[in-house]
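Residue-level listing of the chains:
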Amino acid sequence: NYIYIHLLYILNNLLMNNLKDLTVIIVTFKTNEEILFNCLDSIKKEVKILLVENSTNQEFKKKIENKYNNVNVILSGKNLGYGGGNNLGLKNTKTRFALISNPDVEYNKNFFDEINLYLSGKVNFSVIGPSYNDQTHYLPYGSFDLSPNHNKFDEFNLKEVDFVIGCSMLFDTKNINTEFYFDENFFLYFEEADLCRRIKLMNGKVFCSSNLLINHLGHKGSAATDPQYSIETEMFRNWHWMWSAFYYKKKYTNYFYAFFSLFGKFIRSFIKMIFFTVIYNKKKQTMYYARFSGLLNSMIGKKSWYRVKSLFD
């Protein structure tokens, strides 16, 4: 029965192309050009792409739009982060369906043929996340309480999950009834879990698809690929990971639960920061200082303010 239904949808995809109802949104900031071009080249040329560059780089805009006829570049004027950049893209999207994509994602050749199944309007969903070609180390979805997911893939090759990883997310905007998409208090990390949680609280459906396949390089979407910024990006990631972890826990429980659940990490980060300072291990000292500082700032109610000046002007 599953095979029969899927064959019908494949036939429908051949007869009807729904890609005109889709916009791919990609947020960039000093992204490695080769990585970005690999992403853009993996997207079918008939699909509209809205690229949000978190800067004022007119030269970048001109270069990309001259190279790709299906790409429109918006310059945000400043670094809005992942959530803010995608919100800007979504505000400027005119199609019903939007595919949020990191620039370090490459789509399988049949990805945009398979996605037609979900753009027909016959499948009821709010968010669908793809699967990785290699799931050896990471799953493309997660659980709010860290429990294993025992749901099976259905006849549409979908499995209901709590949240999907934010590197690639298909939205049916008609079925997302939240007041806003991404919470811009997060600058980095936990934005997708927060959005999926709000969607599910409003009885929306979040799925992972086994037929939509991608390669995700991971941590390659910005200037992090430049070795001269290795220590700065290490600090940036760790600071925001801890800030966002506390904010997320506080948002869905309460301050005291968040405080006591992360207090151990707070103390360990402080001790390790001192230890690696004493033995002159700059990278590790920076990492644990960033964790300690990010958590402290979140605990005392400061906004997610940290930026690395030389990297995030």
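Residues numbered from 1 in each chain as written. Predicted model: local features only at pLDDT ≥ 70, side-chain atom pairs only at ≥ 80, totals over all residues. Heavy atoms only, no water.

Points about a positive patch on the surface
So, step 1. A contiguous patch of positive charge on the surface is contributed by Lys-265, Arg-268, Lys-272 and Lys-284.
So, step 2. With 3 residues, helix 8 (residues 255-278) is the single largest residue contributor to the positive patch.
So, step 3. Accessibility expressed as a relative area gives 41% for Lys-265, which makes it partly exposed. (Patch = residues over 30% accessible without salt bridge, like charges linked within 9 Å, V, L, I, M, F, W, Y side chains within 5 Å. Areas by Shrake-Rupley, 256 points an atom, 1.4 Å probe, with all protein chains shown as cover. Salt bridge = Lys/Arg side-chain N within 4 Å of Asp/Glu carboxyl O. Lys, Arg positive; Asp, Glu negative; His and termini not counted. Charge placed at Lys NZ, Arg CZ, Asp CG, Glu CD. Helix = DSSP H or I, 4+ residues; strand = E, 2+ residues; numbered from the N terminus. Buried < 20%, exposed > 50% of the residue type's maximum accessible area, 1.4 Å probe, protein only.)

Concerning the packing of helix 8 against helix 9 (residues 282-299)
So, step 1. Two numbers describe how helix 8 lies on helix 9: the axes approach to 8 Å, and their chain directions differ by 150°. The angle between helix 8 and helix 9 falls in the class roughly antiparallel. Helix 9 is crossed by helix 8, and the crossing has left-handed handedness. Contact with helix 8, carried on its side by Tyr-255, Phe-259, Leu-262, Lys-265, Phe-266, Ser-269, Phe-270, Lys-272, Met-273, Phe-276 and Thr-277, involves Lys-284, Gln-285, Tyr-288, Tyr-289, Arg-291, Phe-292, Leu-295, Leu-296 and Met-299 of helix 9 and no other residues of that element.
So, step 2. In the contact of helix 8 with helix 9, the residues fall into 13 nonpolar, 3 polar and 4 charged. (Axes fitted to C-alpha atoms, helices over the stretch in contact; angles between N-to-C directions. Parallel < 35°, antiparallel > 145°, perpendicular 65-115°, else oblique. Left-handed = near helix turned anticlockwise from the far one by under 90°. Contact = heavy atoms within 4.5 Å. Nonpolar A, V, L, I, M, F, W, Y, C, P; charged D, E, K, R; others polar.)

Focus: the pattern of salt bridges
So, step 1. Under the counting rule described, the total for this entry stands at 9 salt bridges.
So, step 2. Across the pair Lys-61 and Glu-65 runs a salt bridge whose closest N-O atoms are separated by 2.9 Å. Of this pair, Lys-61 and Glu-65 are both found in helix 3 (residues 58-67), 4 residues apart, which corresponds to roughly one turn of the helix.
So, step 3. Judged by relative accessible area, Lys-61 falls into the partly exposed class, the value being 22%.
So, step 4. A relative accessible area of 27% means that Glu-65 is categorised as partly exposed.
So, step 5. Note that Asp-172 and Arg-96 form a salt bridge whose closest N and O atoms lie 2.8 Å from each other. Pair noted here: Asp-172 is in strand 10 (residues 168-172) and Arg-96 is in the loop between helix 4 (81-91) and strand 4 (97-101), with a separation of 76 residues, a long-range link.

As for a nonpolar patch on the surface
So, step 1. A contiguous nonpolar patch, built from Phe-263, Ile-267, Phe-270, Ile-271, Ile-274, Phe-275, Val-278 and Ile-279 and spanning about 720 Å² of accessible area, is present on the exposed surface.
So, step 2. When you line up the elements, Ile-271 lands in helix 8.

A look at the nonpolar core
So, step 1. Membership of the largest hydrophobic core comes to 48 residues, with the highest contact counts inside it found for Val-127, Val-164, Met-169 and Phe-171.
So, step 2. Here this core takes 9 residues from helix 7 (residues 230-252), the largest share from any one element.
So, step 3. Contact partners of Val-127, with chain neighbours within four places excluded, come to Val-164, Met-169, Leu-170, Phe-171, Ile-176, Ile-199, Lys-205, Val-206 and Phe-207.
So, step 4. With 38 residues, the next largest nonpolar core counts Leu-19, Phe-37, Tyr-68 and Val-123 among its residues. (Core = buried A, V, L, I, M, F, W, Y, C linked by side-chain atoms within 4.5 Å.)

Comments concerning the pairing of strand 6 (residues 127-132)
So, step 1. Counting buried positions along strand 6 gives 6 out of 6 residues, so the element sits mostly inside the fold.
So, step 2. One ladder, built from 2 bridges, connects strand 6 with strand 10; its direction is antiparallel. Among the inter-strand pairings, Val-127 is bridged to a residue of strand 10, identified as Phe-171.
So, step 3. Sheet topology note: the strand 6/strand 11 (residues 206-216) ladder contains 5 bridges and is parallel. Each residue of the ladder has a partner; that of Val-127, found in strand 11, is Val-206. (Pairing = 2+ DSSP bridges.)

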